[in-house]
Amino acid sequence: MSRAPPVPEPFGAASAMGVNLDRGLGSLLAKEYGDDMVFVNIEYRLGVMGFGGFDDVEGGEAFRGASNNGLLDQLRALEWIHENIKGFGGDAGNVTIFGESAGGGSVSLLPVVLRYQNRENDLFRRVIAESGNPNLAYTPGSDRAMVKILMEETGSKNMDDLMAADTEAVQNALIQVMRYNPAPSYDGIYLPGSYAEALELLKSDEILALDWMLGSNADECRFIAHYCYDHETGKCSTENLDGYLEFKLNQARQTMSAEDNQKLDEYISRLTIDKTAESGSAAGWKNTAVFNAFSFFLPTYDLADLRAEKGAKTYLYYFKPESASAAMGAAHGVEVFSVFNEPEPKTVLDAAVEDNITLSRNMSAMWVNFAKTGVPVCDAFDWSKHPYTKDDPELLIIEKDGSMKAGKNIHEPEKEYLYPLFRKDPEEIARCYWTVEPEMFVMYLHP
């Protein structure tokens, strides 16, 4: 194992720590469970400042590893927590890290960063990854597109030019850069050089010793319907959404052989769609299923299965409650407000079940109990009796009505038809889906 250079001191992380009890989602957890837990929300650099690679820029060698600055900020914040949380009534030896989407990817990658650096993990003992996985990272070199735009927009030829650039010019450039979807990078410096290498590190005893909860939503990629949703009429331009999903599917197809495309067609032909016309076309929902599999379901099973193979403590969930928008369904992020104990839906992305209060209480209690003790349990269900194991791979299924039950074999068609395609090039296929191309995104979703 190569050893990465020491982690530098990122700016701004420590000062961003704290608990806001007056507003924000974290306040709902803190008010409900604050007698025996401390909730801390951290901030970290985003966009090109957090995940831009300057290797191709003259003078960029001084910024080696900058494409993972966002992850380093998160580690520095966790160090601050380790050093200071006792003063807030917390226990530095019983920390759980959790996040959704990019946050789910981050918390899945932070143990890898520590292991890759041969660093003992005394910062956290549990991980909750919602709709995020270790494959939410770019391959080497993919982090430089944002930097190229930044240099062009500011008229900079080298790092000295960029450092001397006018503040307003930099700010305007960052607006353009932020249209892209930034992520950490497998850089061979702070993270290993590939997703496959990361999976090997995730098999290490140090990481297997962590308690881990992870899962995904039934209709993850329908989140992008939010961008063609009219808040005044309450309707979504599903034709635009279907067009964008078709564009993304074609991107993925271009990475596959003719034989693999035939396998993909076979999977799609076997899908049964039970959706209303208002929610979008059957073809659009089938494309949704492919998107979900490559970007979320299959890499999530990669992690869950390798942990189950080693007998590591793992809990896997599948969230099905839908939002108020038929076009979104159980989209990416719909579970977040329930996890944070939001008592009633307030946005089109909230779960719209008949008894949202009970769903929120159950999910927040489950998450908090896991964070405190490693035992996920609430009044409605004892998930601790249904871990995800090699011999009995059970999941917690949160049904459309908000009820909870144990189940298995949820994604057997995806594993049968799509896993062989995903395994050939997991980074490339997944990135075809979750990477945003601003021009195409605008063309379809903001015509």
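All values derive from a computational prediction rather than experimental measurement. (Residues numbered from 1 in each chain as written. Predicted model: local features only at pLDDT ≥ 70, side-chain atom pairs only at ≥ 80, totals over all residues. Heavy atoms only, no water.)

A. Just the overall build of the protein chain, in detail. If you tally the helices and strands in the protein chain, you get 17 helices and 8 strands. Projected onto its principal axes, the C-alpha coordinates of the protein chain cover approximately 55 × 50 × 45 Å. Buried residues in the protein chain amount to 56% of all 447 residues. Taking the contacts inside the protein chain whose residues are at least 6 apart along the sequence as the reference set, 75% of them involve residues at least 24 apart. Taken as two groups, the 40 positive and 69 negative side-chain charges of the protein chain have centres that lie 4 Å from each other. (Helix = DSSP H or I, 4+ residues; strand = E, 2+ residues; numbered from the N terminus. Buried < 20%, exposed > 50% of the residue type's maximum accessible area, 1.4 Å probe, protein only. Contact = heavy atoms within 4.5 Å. Lys, Arg positive; Asp, Glu negative; His and termini not counted. Charge placed at Lys NZ, Arg CZ, Asp CG, Glu CD.)

B. Molecular detail of the pattern of salt bridges. This model, assessed by the stated rule, comprises 24 salt bridges. Residues D73 and R45 are paired through a salt bridge, measuring 2.8 Å at the closest nitrogen-oxygen approach. Of the two residues, D73 is situated in helix α3 (residues 69–84) and R45 in the loop between α1 (25–33) and α2 (47–51); the sequence distance between them amounts to 28 residues. When sorted by exposure, D73 lands in the same class as R45, which is buried. (Salt bridge = Lys/Arg side-chain N within 4 Å of Asp/Glu carboxyl O.)

C. Geometry of empty space enclosed by the protein. Applying the stated criterion to the full structure yields 1 cavity of 30 Å³ or more. As for the largest cavity, its lining consists of S216, F297, T300, Y301, L316, Y317, L395 and H411. By residue number, the principal contributor to the lining of the largest cavity is helix α12 (residues 282–309), which donates 3 residues. Residues of the lining of the largest cavity, tallied by class, amount to 5 nonpolar, 3 polar and no charged. (1 Å grid on protein atoms, 1.4 Å probe; cavity = no way out; pocket = protein on both sides within 12 Å on 5 of 7 lines; lining within 4 Å. Points joined across faces, edges and corners; volume = space filled by probe spheres on them. Nonpolar A, V, L, I, M, F, W, Y, C, P; charged D, E, K, R; others polar.)

D. Representation of the sheet that holds strand β8 (residues 404–407) in the model. Read from one edge of the open sheet, 6 strands run β1-β2-β3-β6-β7-β8, paired in mixed fashion. With one partner strand each, in any of the chains shown, β1 (96–100) and β8 form the two edges of the open sheet. Direction aside, neighbouring strands of the sheet carry axes that sit 20° apart on average. Those strands touched by α12 are β3 (211–217), β6 (314–319) and β7 (395–398), and its axis lies near 160° from that of β3. Against the sheet, helix α14 (residues 356–373) engages β1, β2 (126–130), β3, β6, β7 and β8, with an angle of about 145° to β2. (Pairing = 2+ DSSP bridges. Axes fitted to C-alpha atoms, helices over the stretch in contact; angles between N-to-C directions.)

E. Structural context of the confidence of the model for the protein chain. For the protein chain, per-residue confidence averages 90 on the pLDDT scale, and residues scoring 70 or more make up 94% of the total. Note on residues 1–23: pLDDT under 50 across the span, and 54 contacts to partners over four residues away in sequence or across chains. (pLDDT = per-residue confidence, 0-100.)

F. Up close: the packing of helix α10 (residues 238–253) against α12. The geometry of α10 relative to α12 is characterised by a closest axis approach of 9 Å and an angle of 45° between their N-to-C directions. Classified by the angle their axes make, α10 and α12 are oblique. Of the two possible hands of crossing, α10 and α12 adopt the one that is left-handed. Residues D242, L245, E246 and L249 of α10 form the contact with α12, whose participating residues are G284, N287, T288, V290 and F291. (Parallel < 35°, antiparallel > 145°, perpendicular 65-115°, else oblique. Left-handed = near helix turned anticlockwise from the far one by under 90°.)

G. Fine view of the nonpolar core. Formed by 113 residues in total, the largest nonpolar core has its most connected members in F124, W212, F294, W367, W383 and L418. Ignoring sequence-local partners within four residues, the contact set of W367 consists of I128, E130, M213, Y317, V339 and W383. Membership of the second largest hydrophobic core comes to 14 residues, among which are V48, A66, I149 and M151. (Core = buried A, V, L, I, M, F, W, Y, C linked by side-chain atoms within 4.5 Å.)

H. Quick peek at the pairing of β1. Direction of pairing for β1 relative to β2: parallel, over a ladder of 5 bridges. Across the sheet, E100 pairs through a bridge with E130, a residue of β2. Since β1 and β2 lie parallel, the crossover through helix α4 (residues 102–116) that links them has a hand, and here it is right-handed. (Right-handed = clockwise from strand over helix to strand, strands pointing away.)

I. Broad picture of a negative patch on the surface. On the surface, E58, E61, D160 and D161 cluster together into a negatively charged patch. By the secondary structure assignment, E58 is in the loop between α2 and α3. (Patch = residues over 30% accessible without salt bridge, like charges linked within 9 Å, V, L, I, M, F, W, Y side chains within 5 Å. Areas by Shrake-Rupley, 256 points an atom, 1.4 Å probe, with all protein chains shown as cover.)

J. How the structure looks around the pairing of β2. With 5 of its 5 residues buried, β2 lies for the most part within the structure. Residues of β2 alternate between two faces, with R126, I128 and E130 on one and V127 and A129 on the opposite face, all of them buried. Pairing between β2 and β3: 5 bridges, direction parallel. In the strand pairing of β3, I128 is matched with M213.

K. The arrangement of the side chain of N356 in detail. With respect to the helices, strands and loops of the structure, N356 is situated in helix α14. Here N356 falls in the buried class, since its relative accessible area comes to 7%. From its side chain, N356 meets the backbone oxygen of A351 in a polar contact 2.6 Å long. Apart from the residues lying within four places of it in its own chain, the contact partners of N356 are S338, E342, P343, E344, P345 and A351. (Polar contact = N/O pair within 3.5 Å; in protein donor to acceptor, adjacent residues only side chain to side chain.)

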